[in-house]
Each structure stands twice: as structure tokens, then as C-alpha cells.
Amino acid sequence: MSEQAQAAQQQQEPVQISLQDIATVVQMIDVVSRRGGIEGNEMAGVGMLRNKLEVFLRQNAPEG
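Now for a quick tour of the structure. Note that the structure is a prediction, hence the values are computed from the model and not measured.

### Observations regarding helix α3 (residues 40-60)
Between the first and last C-alpha of α3 there are 31 Å, a value that for 21 residues agrees with the 30 Å anticipated at 1.5 Å per step. Residues of α3 that are buried: Arg-50, Leu-53 and Leu-57. Structurally, α3 contributes buried residues whose contacts are with α2 (19-34).

Below, the structure is given as C-alpha cells:
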């Protein structure tokens, strides 16, 4: 399949993001921050996004 055909197919199919995908992003942020991959001037914005994602996960976690 050509690159144009693949791009056209991807545009037609909506992307699905799962709660596990969001949890993975939170874990990635934690790993990057532990490894010193976030500069001081970036920490506030990254931290706010991480916390927002974590709250979203808690609010949408399946009961059980």
C-alpha cells in the first residue's frame, strides 16, 4: 500500500485512546522526570498535565 493510501486510510479511521494509554503517558512522565529529562522551566506545565491525567484516570476507572 502506498504512503498516500495509508495516510488516507488513517484520516478516515478515528483514533481511539484508552485509559491504559493515558496511564502509560503518566508513567512515562514519571520516568522522564526521575531521569532528569524535564528542565526546571518545564516542570510546572508537565506536572499540571500529569496531575490532570491522573485525576481523569481516577474519575473514569472501572468500579470493582
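### Topic: the nonpolar core
By size, the foremost hydrophobic cluster in this structure holds five residues: Ile-22, Ala-23, Val-26, Leu-53 and Leu-57. Sorting the residues of this core by element identifies α2 and α3 as the ones contributing at least two each. With three residues, the top contributor of residues to this core is α2. When sequence neighbours within four positions are dropped, the list of residues in contact with Leu-57 reads Leu-19, Ile-22, Ala-23 and Val-26.

So, how was this worked out
- Residues numbered from 1 in each chain as written.
- Predicted model: local features only at pLDDT ≥ 70, side-chain atom pairs only at ≥ 80, totals over all residues.
- Heavy atoms only, no water.
- Helix = DSSP H or I, 4+ residues; strand = E, 2+ residues; numbered from the N terminus.
- Expected span 1.5 Å × (residues − 1).
- Buried < 20%, exposed > 50% of the residue type's maximum accessible area, 1.4 Å probe, protein only.
- Contact = heavy atoms within 4.5 Å.
- Core = buried A, V, L, I, M, F, W, Y, C linked by side-chain atoms within 4.5 Å.

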